[in-house]
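Spelled out from the first residue to the last, the chains are:
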Amino acid sequence: MAIPDYPNNPAVDDEFTVGLVTFIWDGEKWRRKPLPSLAPDASNIQYDNTNTGMVAGNVQDAVDELYAGLTLDTTTSLINYNKTATVGTVATTRGFTTEGDGSGAQWKRVSGSGASSQSPSDTGNAYIYDALGNRWDIVPDHGSVNVDQLGALGDCTGVGVGTDDTAAYQSLLNWAGGGDYRKVSNSHNKRYRITAQIDANYSSGRRGMEIDFAGPVTPDATAFWAFRFTGYRDSKFRMYVLEGGVDADYSQENPVGGSLAFDFIACRRCKIDIDAESYLGRVTQTRSSNTPFKLSFLDFYLNCGDITTSPGSQPCGQAGFFRGTSAFGGFRYINCAWNKYMPVFDSIVDCVVEHAEFGPSPAILSSWEWRGCGSLWLGEMLYGDETGTQTGMLFTTNAGGTGCRRVEIQNFFSVFCDTAIKYENSEAGDYALKITNLQTRDSTTAGLVLNNVKGADVQVKSQADASAIIMQSGCRDIKADVYGDLNLKESVIVEAGVSDVVLTGTSRDASQELAS
């Protein structure tokens, strides 16, 4: 119950009025002054909630509504409220459209007016106008607002099925952009339909935001990006997309007719946690920009891989396309197994991937690509193709011709692919590659292929691959420690145009240990 703003240092018999209720100072405390035409204790007065008059009964309801606030069944009732309420009045609702629907909120009457009976979806923010055009702002619960409190129903049961909750999400994120350190959420036990783009563009920058959308969203199966976040700093995101999206060529940065769930632009020092299931489009994308912040991440968790054996389950289109500059940051975990397209990292410098599990859907051919990236540290990489046709990870040039450089891989495990790792056209004048432990099995071409690579120190443990390692023209300054077992061809192939190679290790039961 709201407390009136009593005057300071009152004198005896000073009066203070709020609405129709007057208080008088008796020298020790404020007491309610009896209404003029009624008995002194006013015990036979109550407030009639259907009009502004007094009827017989108890005055407490009148006092509660007049100076403490309103209690209404739903926010919809407040939107249609047609009584005068003083600025500062707080209304409590027990639901949005239905009492007890879990989306109740508190709303505070503030100065300002607008069109009558406007919902948050109408105003585009976390405020409403009642039937008299009075404005009511939502009162955050411990600094947080839930999208249900702004009218989202979360009744989606499949792609294109259910109430469109797009406007409620846009209103929620518009409210979040009004200040730093704001928190927004959805209900984790609901599923929300999205039909259009939702843009949270804070071009001036926002700090300390918390976006907790762990309840799944389902975009319609059309070509659009669902959520775009621009200008966040030191913020946390938790997102989940379930189904929706469309097929496209996601090896391209801007695929024609493609769809995208979560787009991040100029976000700095953020923590991002994304889950995706059966989404046919690109799950996430980062875009390099220095306005208002330089793009970087403290912690990125991306889980969108699943074997598609359960009824109705489909592979995701692509985990992500990541473009950035220096000081990009770290990925704690990436699971993109059984995606149609593997991730692409373009022109990123200073990046850590601690753990990744990946392997494409057999229907589409695609490698995890690093294009013109540098200063990379990859911890534990687990790759499986099961078709013998794919290259697991490809290090190559970007569109500007810049090659990869300063790449360190701790542990890479690969099975049933064409080539586990291929590294081509490293950047001139920079050290290319260090692999502490590459273990491959049943590769139809080789565990490792180096093409025009300058400066590498690798350890390869190869079993039943066609070859353990192939060095092609332009390679030089290569140190390779090779353990070949049951290689179908030569364990090591050194082609013409290769120089300054140091080989150590053993080969057992290969058709030939070395070809040159």
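For the structure itself, look to the data block above.
Described in the following lines is the structure provided in the data block. (Residues numbered from 1 in each chain as written. Predicted model: local features only at pLDDT ≥ 70, side-chain atom pairs only at ≥ 80, totals over all residues. Heavy atoms only, no water.)

**Examining the overall build of the protein chain**
Okay, so step 1: A tally of helices and strands in the protein chain yields four helices and 38 strands.
Okay, so step 2: For the protein chain, buried positions account for 53% of its 516 residues.
Okay, so step 3: Long-range pairs, those at least 24 residues apart, make up 59% of the contacts in the protein chain with a sequence separation of at least 6.
Okay, so step 4: For the protein chain, the exposed area adds up to about 21200 Å²; of that, 46% sits on carbon and sulfur atoms. (Helix = DSSP H or I, 4+ residues; strand = E, 2+ residues; numbered from the N terminus. Buried < 20%, exposed > 50% of the residue type's maximum accessible area, 1.4 Å probe, protein only. Contact = heavy atoms within 4.5 Å. Areas by Shrake-Rupley, 256 points an atom, 1.4 Å probe, with all protein chains shown as cover.)

**Considering the nonpolar core**
Okay, so step 1: Residues Leu 173, Phe 227, Tyr 232, Trp 370 and Phe 395 are the most contacted members of the largest nonpolar core, which totals 108 residues.
Okay, so step 2: Setting aside its immediate chain neighbours within four residues, Tyr 232 contacts Leu 173, Ala 200, Tyr 202, Arg 206, Met 209, Ile 211, Phe 237, Ala 266, Cys 267, Arg 268, Cys 270 and Phe 293.
Okay, so step 3: Core analysis: the second largest hydrophobic core is formed by six residues, Val 21, Phe 23, Trp 25 and Trp 30 among them. (Core = buried A, V, L, I, M, F, W, Y, C linked by side-chain atoms within 4.5 Å.)

**Observations concerning the environment of Gly 330**
Okay, so step 1: Turning to its location among the elements, Gly 330 is positioned in strand β23 (residues 329-339).
Okay, so step 2: The class for Gly 330 is buried, based on a relative accessible area of 14%.
Okay, so step 3: Every residue in contact with Gly 330, bar those within four places of it in the chain, is listed here: Phe 297, Leu 298, Asp 299, Phe 300 and Val 352.

**Brief notes about the environment of Gly 400**
Okay, so step 1: Along the polypeptide, Gly 400 turns up in the loop between β28 (391-396) and β29 (405-415).
Okay, so step 2: The spatial distance from the C-alpha of Gly 400 to the C-alpha of Gly 372 is 8.4 Å, given a sequence separation of 28 residues.

**Re the pattern of salt bridges**
Okay, so step 1: If you walk through the whole model with that rule in mind, you get 22 salt bridges.
Okay, so step 2: Asp 180 is the salt-bridge partner of Arg 206, the closest N and O atoms lying 3.4 Å from each other. One end of the pair, Arg 206, is in strand β14 (residues 198-207); the other, Asp 180, is in the loop between α4 (166-176) and β12 (183-185), with 26 residues separating them in the sequence.
Okay, so step 3: Since its relative accessible area comes to 34%, Asp 180 is described here as partly exposed. (Salt bridge = Lys/Arg side-chain N within 4 Å of Asp/Glu carboxyl O.)

None of the figures reported here should be taken as evidence of function without further support.
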